[in-house]
Amino acid sequence: MAKVRKVKGKKLVLSIGDEGAILTLVDNGVMTNRLFVASPTATDFVSLIASAPEAPIAIYVDVVDQAYTQHTLPPVSKMNVKKLIERKLEKEYDPSDLKSAILLGREETLRRDWKYLFVSVRNIPPLSDWIESIVGLPNKFEGIFLLPVESMSFMEDLKVAMKDLTPNPSSWQILISHNRIGGFRQVIYRDNKILFTRIAQPIGGQTPDIVAGNIEQETLNTIEYIRRLGFEDKSGLDLYIIVADEVKKSLDINVHTSNPPVIITPAKAAEGLGIPSAAEAKDRFGDVLMATHFAVTKKHHLKFSTDTANTVSTLENLSSAVVYATAAISIGLVGYTLYNVKEFLSVNDDINIKEVRKISAQKKLNDAKKLFEDFDGNVEQIKEISKLHEDFNKDKDQIFDFFKLYASAEGYNISTKSFDAKIEKREDNPDKISADISMVLATDGTVKSNIAASLIETFIDLEKYFKTLFKGYEVTFSDRPSENTEIVNIPDEKATNLNFELPLKIEGPIVEETNKRGRAKKSRGRRR
């Protein structure tokens, strides 16, 4: 049996094929619910999502429109080969395609050419329709993944689980899984890397004999094809087939393999993989088995996204930043902000999808109320925080770490009581900004005998942190306490609930200029 993984929390996996989709809910490594759905507006579909608003959701693609092509690239540096890949992807694929490349290795010749597998999937219906409906949900969107690519981890674990049936493992493997939403999904591996994949629908009916006959013919066709990829009978080949028990009884695989073909049911595979909840004895298809394995596997090989998904992710992060801006946000304003961000995303969606978002947004509202019951704020402060995010590090999440930091200075018994930020464009240079930030920090009454040392050490640590966090900007404290400062020279008995201000100024970004000798120098602009 493969080692059971320890995965905490809930996760939703939406497996999408040309014949529909299956939503799988996994809770702490156990598959607790699964649902076949024909459209994203189905009532039972949105109900299942609404039952787990805290569960992140991933899209697991098993559609026909996937392309896998091997390319040999010249032996340039790693940085330059990435540039070659980017140009090739841009030139040879449609802009709307989801596309990337997987490193297969390097040739063992003097040239040491790079070998890559270029992967793409057409972002067209039904896939695009599902993606559009999913990325706007309140659940965190984890990304888009391709079943054949991610099956590399599945195959590695399956080999371990079935090692007694394959005592002499080969470098070549073929995995065939009969899936409900796709058909016969075949994936070919060499040295634990995916080389090729193909999918086919049963021809002539769905009786066990007909399905078995289709699998036998497809297996022969695949073996003939991989001979073009360098396979020879002497290389050895292992064959793994996941089908219903009645199909297994009808199969007669007559091909040359290193080990007898491993033909197992979804339930038998689930048991061997250490995820018995992933399939029942009567299950005929492998979709839920593979989706559950994907959910409990931490290592993923290739993640895709879309412009819409990236925009939603930015809004989600902004919501998180607002949550961390504790003193600047009132109870009602937090709920209003979170609810309207979600409602903005759902304007053009079906009423059932809106209902899901409403349920999840309500939960977040309740959590926010509980978190901010001791604070108040105003709309202008929210605008300033939003602008701070917009102006600083637009393509990064560093600003959110900034909010987290001042929310609690752990180790010094100091917390944030209020926050004000004023951001404006520099008059002397519109491309630069200047931010004046004022935080009022407070002790919790436990800092007494070492209050002077604690406060000074805290200020020094915060200053170092901010300078690292806003690298590329000029960071200064307009006032920092010393041992002679009034706020640190307070008797122990009066130190309870002490408030003190931390003023911070951030300007930039700093740009690199060239001096007369051609050397780079830093330019900070004229201080106002």
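Heads up: the structure comes first, above all this text.
A.B. asks: Got a minute to help me understand the overall build of the protein in this structure?
C.D. replies: When helices and strands are tallied, the protein shows 14 helices and 20 strands. With 528 residues in all, the protein has 49% of them scored as buried. Excluding contacts between residues fewer than 6 apart, the proportion of contacts in the protein whose partners are at least 24 apart in sequence is 68%. A total of about 26200 Å² of accessible surface is found on the protein, and carbon and sulfur atoms cover 48% of it.

A.B. asks: Sorry if this is basic, but what is going on with the packing of aromatic side chains here?
C.D. replies: Centre distance and the angle of the planes are the two values used to describe a pair of aromatic rings. Throughout the structure, instances matching the rule amount to six aromatic pairs. When the centroid spacing of 4.6 Å and the interplanar angle of 25° are considered together, the rings of Tyr-60 and Phe-294 count as stacked. Of this pair, Tyr-60 sits in strand β4 (residues 57–61) while Phe-294 sits in helix α8 (residues 287–296), and the two are 234 residues apart along the sequence. Given a relative accessible area of 2%, Phe-294 falls into the buried group. Relative to Phe-231, the ring of Trp-172 has its centre 5.4 Å away and its plane inclined at 65°; by these criteria the two rings are edge-to-face. One end of the pair, Trp-172, is in strand β9 (residues 172–179); the other, Phe-231, is in the loop between α5 (208–226) and β12 (238–242), with 59 residues separating them in the sequence. Take Trp-172 and Phe-231: they sit in the same class, and that class is buried. Taken together through their ring pairs, the aromatic side chains of Tyr-60, Phe-145 and Phe-294 make up a single cluster. Looking at Arg-106, its charged tip hangs above the ring of Trp-114, at a distance of 3.9 Å from the centre. For the cation-ring pair, Arg-180 lies above Phe-36, with the distance from its terminal atom to the ring centre recorded as 3.8 Å.

A.B. asks: Would you take a moment to explain the sheet that holds strand β5 (residues 66–73) for this structure?
C.D. replies: Strand pairing in a sheet takes place through backbone hydrogen bonds and is either antiparallel or parallel in direction. Within the open sheet, the three strands sit side by side as β5-β7-β6. Their pairing is antiparallel. Whereas interior strands pair on both sides, the edge strands pair on one side only; in this sheet they are β5 and β6 (98–106). The mean inter-strand angle of the sheet, taken between neighbouring strand axes irrespective of direction, is 20°. Inspection of the sheet shows β5 paired to strand β7 (residues 114–121) by eight bridges, in the antiparallel sense. When the sheet's bridge partners are listed, His-71 is paired in β7 with Tyr-116. Each of β5, β6 and β7 touches helix α2 (residues 78–92); the most contacted strand, β7, lies at about 35° to it.

A.B. asks: Help me understand the pairing of strand β8 (residues 141–146), please; the structure alone is not making it clear to me.
C.D. replies: Every other side chain in a regular strand lies on the same face of the sheet, so the side chains alternate between the two faces. Among the six residues of β8, five are classified as buried, and the element is accordingly described as predominantly covered. Here five bridges tie β4 to β8, and the two strands are oriented parallel to one another. Residue Ala-58 lies in a different strand from β8, and its bridge partner there is Gly-143.

A.B. asks: I tried to follow the packing of helix α4 (residues 147–161) against helix α7 (residues 266–273) on my own but got confused; where do I start?
C.D. replies: What describes two packed helices is the angle between their axes and the distance between those same axes. It is the contact of α4 with α7, at a shortest axis distance of 9 Å, that shows an interaxial angle of 85°. Here α7 runs roughly perpendicular to α4, going by the angle between their axes. Contacts between α4 and α7 involve Phe-154, Asp-157, Leu-158 and Ala-161 from the first element and Ala-269, Gly-272 and Leu-273 from the second. Class assignment for the residues of the contact of α4 with α7 results in five nonpolar, one polar and one charged.

A.B. asks: Is there a simple way to explain the packing of α4 against α8 in this structure?
C.D. replies: Two elements in contact, α4 and α8, have axes whose closest approach is 10 Å; the angle formed by their N-to-C orientations is 80°. With respect to their mutual orientation, α4 and α8 come out roughly perpendicular. Counted together, Leu-147, Glu-150, Ser-151, Ser-153, Phe-154 and Asp-157 of α4 and Leu-289, Met-290, His-293 and Phe-294 of α8 form the full contact between these two elements. Across the contact of α4 with α8, the residue classes tally to five nonpolar, three polar and two charged.

A.B. asks: Even after reading the chapter, I still don't get the nonpolar core, so can you show me in this structure?
C.D. replies: For soluble globular proteins, nonpolar side chains are generally found buried alongside one another. In terms of nonpolar packing, the biggest core is built from 95 residues, with Phe-45 and Leu-158 touching the most fellow members. Counting nine residues, the second-largest nonpolar core is a separate cluster that includes Leu-73, Ile-85, Ala-101 and Tyr-116.

A.B. asks: Would you take a moment to explain the sheet that holds strand β13 (residues 262–264) for this structure?
C.D. replies: Read across the sheet, five strands follow the order β11-β10-β9-β12-β13 without closing on themselves; strand pairing throughout is mixed. One side of each edge strand has no neighbouring strand; the edge strands of this open sheet are β11 (193–200) and β13. Neighbour-to-neighbour, the strand axes of this sheet turn through a mean angle of 15°, independent of strand direction.

Conventions adopted
- Residues numbered from 1 in each chain as written.
- Predicted model: local features only at pLDDT ≥ 70, side-chain atom pairs only at ≥ 80, totals over all residues.
- Heavy atoms only, no water.
- Helix = DSSP H or I, 4+ residues; strand = E, 2+ residues; numbered from the N terminus.
- Buried < 20%, exposed > 50% of the residue type's maximum accessible area, 1.4 Å probe, protein only.
- Contact = heavy atoms within 4.5 Å.
- Areas by Shrake-Rupley, 256 points an atom, 1.4 Å probe, with all protein chains shown as cover.
- Phe/Tyr/Trp six-rings, centres within 6.5 Å; stacked < 30°, edge-to-face > 60°.
- Lys NZ or Arg CZ within 6 Å of the ring centre and 35° of its normal.
- Pairing = 2+ DSSP bridges.
- Axes fitted to C-alpha atoms, helices over the stretch in contact; angles between N-to-C directions.
- Parallel < 35°, antiparallel > 145°, perpendicular 65-115°, else oblique.
- Nonpolar A, V, L, I, M, F, W, Y, C, P; charged D, E, K, R; others polar.
- Core = buried A, V, L, I, M, F, W, Y, C linked by side-chain atoms within 4.5 Å.

Geometry only, nothing functional implied.
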